[in-house]
Amino acid sequence: MSYYLLLSALLFAIGLYGVLSRRTAILIFMSIELMLNAANLALVAFARGSGNLEGQAMALVVIALAAAEVAVGLGIIVAVFRARSSTSVDDLAELRG
Amino acid sequence: MLLLLIILLPLAGFVYLGLAGKHLREPLPGIIASALTGASFLLVVALSLGGGAAWEIKDWLPGIPFSLVLDPLSSYMGLVVTGIGFLIHVYAIGYMHGDEGFSRFFAYLNLFIAMMMTLVLAGSYPVMFIGWEGVGLASFLLIGFWYTEKKNADSARKAFIVNRIGDLGFLLGMALLYSLFGTLSIAELREALEASHVLPLSLGLAGFLLFVGAVGKSAQVPLMVWLPDAMAGPTPVSALIHAATMVTAGVYLIARSSFLYVNLQDVSYFIAVIGILTAAYGALSALGQWDIKKIVAYSTISQLGYMFMAVGVGAYWIALFHVMTHAFYKALLFLASGSVIHALGGEQDVRKMGGLKKYLPRTHLHGLAGALSLAGFPLLAGFWSKDAIITATLNYPFGGTGFYIAGLSVAFLTAIYAMRWYALVFLGEYKGDAHPHEAPPVMTIPNDILALGAVFAGFLALPKPFWNLIEPYLAPALAHVEVHHMSLGLEWGLITLSAVVALAGLYLGYLAFTRWALPKWYLTFQTWSENAFYVDLAYNAVIVTPLKELAYIWSLLDGALDTFYVYVAGVSGWLGERLTRVQTGYVRAYGALMVFGLVAMLVWGVLR
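Residues numbered from 1 in each chain as written. Chains lettered and ligands numbered in written order. Predicted model: local features only at pLDDT ≥ 70, side-chain atom pairs only at ≥ 80, totals over all residues.

**Some details on the overall build of chain B**
Here is step 1 of the chain: Per the secondary structure count, chain B includes 25 helices and 2 strands.
Here is step 2 of the chain: The C-alpha extent of chain B, read off along each of the three principal axes, is 115 × 65 × 50 Å.
Here is step 3 of the chain: Taking all 608 residues of chain B together, 50% fall into the buried category.
Here is step 4 of the chain: Long-range pairs, those at least 24 residues apart, make up 81% of the contacts in chain B with a sequence separation of at least 6. (Helix = DSSP H or I, 4+ residues; strand = E, 2+ residues; numbered from the N terminus. Buried ≥ 20, exposed ≤ 12 C-beta atoms within 10 Å, placed from the backbone. Contact = placed C-beta atoms within 7 Å.)

Laid out in structure tokens, this is it:
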């Protein structure tokens, strides 16, 4: 059990690092997916540890949501790329106060 | 319903001329306004002949109906207001000829008539207060009619502010009456007062407060300072508002409330004292004026003082009799002054007049009739009414010999200054450099009618054993007063005495201002009188300047407070500017902040 959780934490940390350090929108996006799946892993592990199916159901919901999020997110990235021919998030700094 | 039309017709004129008057060609606004006022006059006549009328809205304010009443008192006053008002409207068509604000002027005049009739017809104090404030507004607008000159606008504000002091008294008096009797309808108050045997102690205070209102509106001592300045308005305004009608509203208020004052001996005595003080002050100040209109203005103050003395001693009908005769001869004096000013192209200084008898024969006759009536020349209107007042101080309940002597002395002064006005304007040699021309018929004909009134109106109420039409007519609307009987011989003896006094005053005035070189002490008096005994100066020093200083101090405090808040706002602005630095616009920075926040919350949650 604790191995699963350790793996999950490791994956989450890697994802977080990716989100904070990458500039390309696509890579940030992939890192977010990694974090989502780390969370899924933790959910499934807990479900198995406590012996009921609720955690697994939750993981399925997260997968479904992630699919929707991918669709929207990729759409946004494509739109941004068309407008600016770049996917670097640092170019999208118009909201600076 | 017809009763309401008396007010609505001039009000409609005000609205129409105010909105559309600019597009009308010159005499038309004047004709419309005069016609509407004339129609109001005819309505008052018709309704009075029909025996009066009443009209009300039941639930105007909670517990207070909006009521209009045409009883003998209000029809009498209404006839004076609309009748004299109509003549002055017609006169103004000629006087205001070629003025830029021709239609605006008539709109204001109609507003004044509407408001004055509201005041007169009011069946309860709140309704009267509407008219009271309305005429104040109209007066303000008309004093400041030529508002481009600062002096005129200042005079208008002065009139408004001084009136405000009186209005406060009126309001407080109403509030007190309401708390005592639970009603403000004049008829109900009268019933309540006549039914109750024990009068509430604070009734005297209520009467006094109402009188304060009258003091402000009728320019009595100590609130008389606004009236001479009100002469800044066009002359028809001075004639209509500041001589014939509005300033007598205070007398009307007291007469309307006569059932109240007849029970209040102390307050009545006080009113009479204020009245005679005002009469003396006005007469003394009128003697030294050099402005043709200001002489007449101070004489108005003086005559109003007589009226207040009359209501003070309990002679309510005599006060109203004097209101009527005064309306005739004072309107005539003002309009004659207006004709003179008109003829001399705006000159108002009597030192640059003189000898106008030759150039303005018609106006000379008007001026002569007005001045003699004012002076109390025997058998003219002013003689009968003023003599009635002076005699009333002896046989009416709240009077006294002191009032009689003071009243007679002031009558002597009145004759002198009336003669001075006439002599300086019409007698001697012309000293100005304009080319005087007689006024057009539209101005002289109203004056002819007023002159007839100034000469003959007194015959409506003669002393015994002759007829007296006014007293029995007004009697049902006024409180009943016990009058000491006076023997015919004594009464006619007193009348002869006052006639002699008036004639002596006129003769002395004639000699002093045409023949004699004036003595030195008189010249000193002249300076004091010219400045109206420096009352304005004293008020400025005691009240106006300290208030202005206080206002200045408050403005400094206000400024300090403002500065404080400006700094608070500045600090917030500065902080906000710093905080915007956090909004870098970089997604990764936001992400990092989110993570830090999350970690901080987790740590806090675990450690707690």
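**With respect to the overall build of chain A**
Here is step 1 of the chain: Regarding its fold elements, chain A presents 3 helices and 0 strands.
Here is step 2 of the chain: A compact globule built from 97 residues would reach a C-alpha radius of gyration of about 13 Å, whereas chain A, at 16 Å, exceeds it by more than 25%.
Here is step 3 of the chain: Projected onto its principal axes, the C-alpha coordinates of chain A cover approximately 50 × 25 × 25 Å.
Here is step 4 of the chain: The 97 residues of chain A split such that 14% are buried. (Rg over C-alpha atoms; globule rule 2.2 N^0.38 Å.)

**As for the interface of chain A and chain B**
Here is step 1 of the chain: Facing 11 residues of chain A, the contacting portion of chain B comprises 12 residues.
Here is step 2 of the chain: Each residue belonging to the side of chain A that touches chain B can be placed in one class, and the counts come to 7 nonpolar, 1 polar and 3 charged. (Nonpolar A, V, L, I, M, F, W, Y, C, P; charged D, E, K, R; others polar.)

**A few points about the confidence of the model for chain B**
In low-pLDDT regions, the fine details of the predicted coordinates are not to be read closely.
Here is step 1 of the chain: The predicted model of chain B averages 91 in pLDDT, with 100% of residues at 70 or higher.
Here is step 2 of the chain: Two summary scores accompany this predicted model of the complex, namely pTM at 0.81 and ipTM at 0.78. (pLDDT = per-residue confidence, 0-100.)

**With respect to the pairing of strand β1 (residues 53–61) of chain B**
In regular strands, side chains alternate between the two faces of the sheet.
Residue and element names in this part refer to chain B.
Here is step 1 of the chain: Direction of pairing for β1 relative to strand β2 (residues 64–70): antiparallel, over a ladder of 6 bridges. Each bridged residue has a counterpart across the sheet, and for I57 the counterpart in β2 is F66.
Here is step 2 of the chain: Here β1 folds back onto β2, and the loop between the two strands holds 2 residues, one of which, G63, carries a positive phi near 85 degrees. (Pairing = 2+ DSSP bridges.)

**What about helix α17 (residues 361–375) of chain B?**
For the α-helix, the turn length of 3.6 residues means that residues three or four positions removed from each other point alike.
Residues and elements named next belong to chain B.
Here is step 1 of the chain: When the terminal C-alpha atoms of α17 are compared, their 21 Å separation across 15 residues agrees well with the 21 Å that a helix rising 1.5 Å per residue should span.
Here is step 2 of the chain: The buried fraction of α17 amounts to 11 of the 15 residues, a majority that puts the element mostly inside the structure.
Here is step 3 of the chain: The complete set of buried residues in α17 reads T363, H364, H366, G367, A369, G370, A371, L372, S373, L374 and A375.
Here is step 4 of the chain: Of the residues flanking the end of α17, it is G376, one or two places downstream, whose phi is positive at about 85 degrees. (Expected span 1.5 Å × (residues − 1).)

**Focus: the packing of helix α3 (residues 72–95) of chain B against helix α15 (residues 316–343) of chain B**
All names here are of chain B.
Here is step 1 of the chain: Where α3 meets α15, the axes come as close as 11 Å, and the angle between the chain directions of the two elements is 5 degrees. The angle between the axes of α3 and α15 places the two elements in the roughly parallel class. The segment α3 lies against α15, with Y76, V80, I84, I88, Y91 and Y95 engaging L320, V323, M324, A327, A331, L335, G338 and H342.
Here is step 2 of the chain: Considering only residue class, the contact of α3 with α15 consists of 12 nonpolar, 2 polar and no charged. (Axes fitted to C-alpha atoms, helices over the stretch in contact; angles between N-to-C directions. Parallel < 35°, antiparallel > 145°, perpendicular 65-115°, else oblique.)

**Quick look at the packing of helix α13 (residues 265–286) of chain B against helix α19 (residues 401–426) of chain B**
Residue and element names in this part refer to chain B.
Here is step 1 of the chain: Between α13 and α19, whose axes approach to 9 Å, the crossing angle comes to 25 degrees. It follows from the interaxial angle that α13 and α19 lie roughly parallel. Relative to α19, the crossing made by α13 is left-handed. Across the interface between the two elements, A272, I276, A279, A280, A283, L284 and A286 from α13 touch F403, A406, G407, V410, L413, T414 and Y417 from α19.
Here is step 2 of the chain: For the contact of α13 with α19, the residue count by class is 12 nonpolar, 2 polar and no charged. (Left-handed = near helix turned anticlockwise from the far one by under 90°.)

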